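The primary structure of each chain is shown beneath.
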Amino acid sequence: MSLTVNNPLSQEEKSPWAQFFQDNELRKMIMQDIRRTYPGELMFEQKEIRDIMLNILFIYAREQPDISYKQGMHELLAPIVYVFYNEYVLVQDVTHPSSQLIRTVVSMEYLEHDLYWCYVALMKHTYSYYTTDKINKPEPVNRDQTLLFKEATPHPSSYIVQSLEELQNGTLRRFDPELQQHLQKLAIQPQLYGLRWMRLLFGREFPLKEMLALWDALLASPDFAGMVEYICIAMLLYIRDALLCNDHTGCLTLLMRYPETHDVQLFIQRALFLRNPSHYECPPNLQYRPNAKTRLANGPDRHHVAPVRSGSVGKQEPVRQYRTESATFSAPKSPVSVISETIKRKNVST
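Residues numbered from 1 in each chain as written. Predicted model: local features only at pLDDT ≥ 70, side-chain atom pairs only at ≥ 80, totals over all residues. Heavy atoms only, no water.

Peer 1: What is the right way to look at the overall build of the chain in this model?
Peer 2: The number of helices and strands found in the chain is 15 helices and 5 strands. Considering the chain as a whole, with its 350 residues, one finds that 43% of them fall into the buried category. Partitioning the intrachain contacts of the chain with sequence separation of at least 6 by distance along the chain shows that 63% fall at a separation of at least 24. A total of about 20300 Å² of accessible surface is found on the chain, and carbon and sulfur atoms cover 54% of it. (Helix = DSSP H or I, 4+ residues; strand = E, 2+ residues; numbered from the N terminus. Buried < 20%, exposed > 50% of the residue type's maximum accessible area, 1.4 Å probe, protein only. Contact = heavy atoms within 4.5 Å. Areas by Shrake-Rupley, 256 points an atom, 1.4 Å probe, with all protein chains shown as cover.)

Here's what the structure looks like:
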């Protein structure tokens, strides 16, 4: 190779130094994100763990040049590292006749290798969430006629953007048209909240240990992408009453700072029920209620919803009422309850 190419100052694309500098920049970018991974977990502050994560993310980026490394991928790797590392450490103290075999199979020596292939397997499910490939999407004739399309001028859209638009304007409208129309009226695009939900597999919305239970449900589903979609729907329905009582700013705040919850089984059960209501029992119809402490901590503009108790007569169920800045109204029946009642009517009629 000539010195004009094999030269650190060379601008040639084929120069090995060009690739060297690109790799260094890539490693710096990845490490910058790794340092921000779960600041409350001490294991992610260990140099050994950070180096393992750096190697895995860097090698994957080089093996997949189409998407390389995107911000957020480190948050998909972190839960896998958390589970594997803690299990591998635990196995080292096992005293059992077959403990030597167990320690050989689950060996710290091969931790990085096992993590890499598990991460590759997970990324097969989420690859399309990060790709920037465009797909042809028919363009509506006008804004009011969303079901009539032109055939001549397709509008390019990435897979995840189209999926999110279908989620809010299609699936959500089927289960809760009132909520879908409310979000549409406020011009809240699903990409504003859905990109993070899907790309990080809800890693920012739930505590780490609760999120692992959610991932179990996703990975156990024969339709990974479909289950992700219905988890999103379940999350929207959980805060529907609060969304309906809020303006544009209040709704965005709720969606971008999803209320903390420690029971992900609610979302799993509701997602399974909505996908196949004839095979799964209707889950409890629980709704998010911001308490006074939450409203005080988040400021007066965080949530405009203030629950108002209404009296009940005998065993009659009280009507849910919520006060906004302008009016008080009764919340409609939850879509989950409506589906359950429809199934019961069908069973009685048959």
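Peer 1: I tried to follow the layout of surface pockets on my own but got confused; where do I start?
Peer 2: Empty space among the atoms can be located by rolling a probe the size of a water molecule over them. Taken as a whole, the second largest pocket spans an internal volume of roughly 310 Å³. For the lining of the second largest pocket, the elements supplying multiple residues, two or more each, are helix H3 (73-91) and helix H8 (191-199). With 3 residues, the top contributor of residues to the lining of the second largest pocket is H8. Across the lining of the second largest pocket, the residue classes break down as 5 nonpolar, 5 polar and 6 charged. (1 Å grid on protein atoms, 1.4 Å probe; cavity = no way out; pocket = protein on both sides within 12 Å on 5 of 7 lines; lining within 4 Å. Points joined across faces, edges and corners; volume = space filled by probe spheres on them. Nonpolar A, V, L, I, M, F, W, Y, C, P; charged D, E, K, R; others polar.)

Peer 1: For this particular structure, what's the right way to read the nonpolar core?
Peer 2: Where a protein is soluble and globular, its nonpolar side chains tend to be buried together. Residues Phe44, Tyr119, Trp197, Leu201, Phe202, Leu218 and Ile231 are the most contacted members of the largest nonpolar core, which totals 90 residues. The element best represented in this core is helix H10 (residues 224-238), accounting for 12 residues. Excluding residues within four positions of it along the chain, Leu218 makes contact with Leu201, Phe202, Phe224, Met227, Val228 and Ile231. (Core = buried A, V, L, I, M, F, W, Y, C linked by side-chain atoms within 4.5 Å.)

Peer 1: What exactly am I supposed to notice about the packing of aromatic side chains here?
Peer 2: Each aromatic ring pair is summarised here by two numbers: the centre-to-centre distance and the angle between the ring planes. One pass over the full model with this rule turns up 14 aromatic pairs. Each ring, one from Tyr60 and one from Tyr119, has its centre 5.3 Å from the other, and the planes form 80°; the classification is edge-to-face. Highlighted residues: Tyr60 in helix H2 (residues 47-63) and Tyr119 in helix H5 (residues 111-130), separated in sequence by 59 residues. Overall, the relative accessible area of 4% leaves Tyr60 in the buried class. Assessed through its relative accessible area of 0%, Tyr119 is described here as buried. (Phe/Tyr/Trp six-rings, centres within 6.5 Å; stacked < 30°, edge-to-face > 60°.)

Peer 1: How should I be thinking about the pattern of salt bridges in this particular structure?
Peer 2: Pairing of side chains with opposite charge becomes possible as their charged atoms draw close. Evaluation of the coordinates by the stated rule reveals 10 salt bridges. Here Arg62 ties to Asp23 by a salt bridge, and the two come within 2.9 Å at their closest N and O atoms. Pair noted here: Arg62 is in helix H2 and Asp23 is in helix H1 (residues 16-34), with a separation of 39 residues, a long-range link. Using a relative accessible area of 39% as the deciding quantity, one classes Arg62 as partly exposed. A relative accessible area of 15% means that Asp23 is categorised as buried. Measuring nitrogen to oxygen at the nearest pair gives 3.8 Å for the salt bridge that ties Arg289 to Asp241. With a gap of 48 residues between them, Arg289 in the loop between helix H13 (265-275) and helix H14 (292-298) and Asp241 in helix H11 (residues 240-244) connect regions that are remote in the sequence. (Salt bridge = Lys/Arg side-chain N within 4 Å of Asp/Glu carboxyl O.)

In short, the description is geometric, and any link to function would need to be established separately.
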